[in-house]
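As a plain string of letters, each chain reads:
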Amino acid sequence: MDYSKFYLKNYVPTDEPVEEEDKIIFPRLEARTQPEIMYINPDGEVFDPELKSETDEKEDINILNNGQSSINDDKNENVSVYEGIEENSSYNHPHVARKQIAKKQSLANRFCQVMLIFTIVVMSIIVSADFLTDGKAIAAIMDCFKANKIEYYAVLENPRDDITSSQVDSYAMRLKGGAGFTVKNADKYYNVYAVFDNVSDAESYSKENGGQILTLNTEFYDDIQGELKSYKDYPVKTVDDLNKILSDLTDKKITTAQAIEKLGDVKEDFAMTYDNMNNAAKGDNEDKSVTLLANASVALSALEYLCDTTVSRPNLACDIRYTVCRIIFTYCYSA
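Values in this document were obtained by computation on a predicted structure and should not be read as measured data.

### A word on empty space enclosed by the protein
Phase 1 of the analysis: Enumeration over the complete set of coordinates arrives at one cavity of 30 Å³ or more.
Phase 2 of the analysis: The space that makes up the largest cavity amounts to roughly 30 Å³.

Structure follows, in structure tokens:
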């Protein structure tokens, strides 16, 4: 706008005194006094401007947060155009905020990269270990995730149409150290070589010697009630102890006499467990409780027969495997 017409072009100062009455007195403005502001439109009319709503103010604040800000210099102090907005580094310096965001994104990307590399390394180790152990590593890991689920795996051989033929095969298997436990499955009679607690061991033996794998599930007693509930998995410890003795015997870590002594300890331990089960079952006439206790009685009889030194047997290894089969099949199939 051109203000040249307001300049005092022809003013010439004089030395003549100015009368008191001719002096123009201007009101003195205090330092903090705000001048009155009048709004005049192009037509020369005075008007009151519309105040901004809260929505408009929020939009202005959003614009400022996106990097559009203005500051006035008043006595070397930075003052924000909009009152009520706190000063911070990201507000007055948008590029700083952008750097902070980029830094956070960079850290997140690095974390994702580290996790990806870690996952690849772990998976590579697992796959390599599984390859070197012929599939046993992954099987062991999967077994860890089978919460409250116990399974056994029986290797069945020599399918026969009649039980007489199967019994002949049974005796021949026992001479070789197998259990020779005869079972009927899908209208055929089979001889069980052994019951394994690990599917990898069962598959390994089946692959080398032929036969098929039968999975024995023990979930039938999971919902049993009463005091017998704490004994629902009674075969687990006993079978583990028998398999440990069998392994040491076949690896010739212990003699037959030492194995028989250890088997006696297993029988005594289970006899105590059976007495505790009898006490817990008093007054409990539920079907599953009665069945569980009857199965434990069969297991105790099998252990007593195994420890009988007067019995003539082809070898001790086959009788240990036979006892394991009798305990597990009775526990799983009587239900």
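### A closer look at the packing of aromatic side chains
Phase 1 of the analysis: The full count for this structure, using the stated rule, is seven aromatic pairs.
Phase 2 of the analysis: Ring-pair connections join several aromatic residues into one group, and the members of that group are Tyr221, Tyr234, Phe270 and Tyr331.
Phase 3 of the analysis: Here the basic side chain of Arg174 rests over the ring of Tyr322, its NZ or CZ set 5.3 Å away from the ring centre.
Phase 4 of the analysis: Above the plane of the ring of Tyr305 lies Arg313, whose end atom (NZ or CZ) is 5.9 Å from the centre.

### Overview of the layout of surface pockets
Phase 1 of the analysis: In this structure, the largest pocket spans a volume of roughly 260 Å³.
Phase 2 of the analysis: Forming the boundary of the largest pocket are 13 residues, of which Val195, Phe196, Asn243, Leu246 and Arg321 lie nearest the centre.
Phase 3 of the analysis: Elements supplying a minimum of two residues to the lining of the largest pocket: β7 (188–196), α6 (199–209), α7 (235–250) and α10 (316–333).
Phase 4 of the analysis: In terms of residue class, the lining of the largest pocket is built from seven nonpolar, three polar and three charged.

### A few points about the pairing of β7
Phase 1 of the analysis: Within β7, eight of the nine residues are buried, which leaves it mostly tucked inside the rest of the structure.
Phase 2 of the analysis: Here five bridges tie strand β6 (residues 181–185) to β7, and the two strands are oriented antiparallel to one another. When the sheet's bridge partners are listed, Lys184 is paired in β7 with Tyr189.
Phase 3 of the analysis: As consecutive antiparallel partners, β6 and β7 are separated by two residues, and within that stretch Ala186 has a phi angle of approximately 55 degrees, a positive value.

What counts, and where the lines are drawn
- Numbering of residues starts from 1 in each chain and follows the order in which that chain's sequence is written.
- Only residues with pLDDT of at least 70 are given local features in this predicted model, and only at 80 or more are side-chain atom pairs given and counted; all residues enter the totals for whole chains, interfaces and linings.
- The side-chain figures draw on all heavy atoms in the structure; neither hydrogens nor water molecules are used.
- Lining residues are those with an atom within 4 Å of a point, where the points come from a 1 Å grid over the protein atoms alone and group into cavities, where a 1.4 Å probe fits but cannot get out, or pockets, open sets with protein on both sides within 12 Å along at least five of seven lines.
- Grid points are joined across faces, edges and corners, and a volume is the space filled by probe spheres set on the points.
- Pairing of aromatic side chains requires ring centres within 6.5 Å, counting the rings of Phe and Tyr and the six-membered ring of Trp. Pairs whose planes differ by under 30 degrees are stacked, by over 60 edge-to-face, and all others tilted.
- A ring has a charge above it when a Lys NZ or an Arg CZ is no more than 6 Å from the ring centre and no more than 35 degrees off the ring normal.
- Under the scheme used here, helices are H or I runs from DSSP no shorter than 4 residues and strands are E runs no shorter than 2 residues, and both carry numbers assigned from the N terminus.
- Residue classes follow a fixed rule: Ala, Val, Leu, Ile, Met, Phe, Trp, Tyr, Cys and Pro count as nonpolar, while Asp, Glu, Lys and Arg count as charged, and any other residue, Gly among them, counts as polar.
- Here the term buried applies to any residue with accessible area under 20% of the maximum for its type, exposed to any over 50%, and partly exposed to those in between, with areas from a 1.4 Å probe on protein chains only.
- Only strands joined by at least two bridges in the DSSP assignment are considered to pair.

Purely geometric numbers; function is a separate question.
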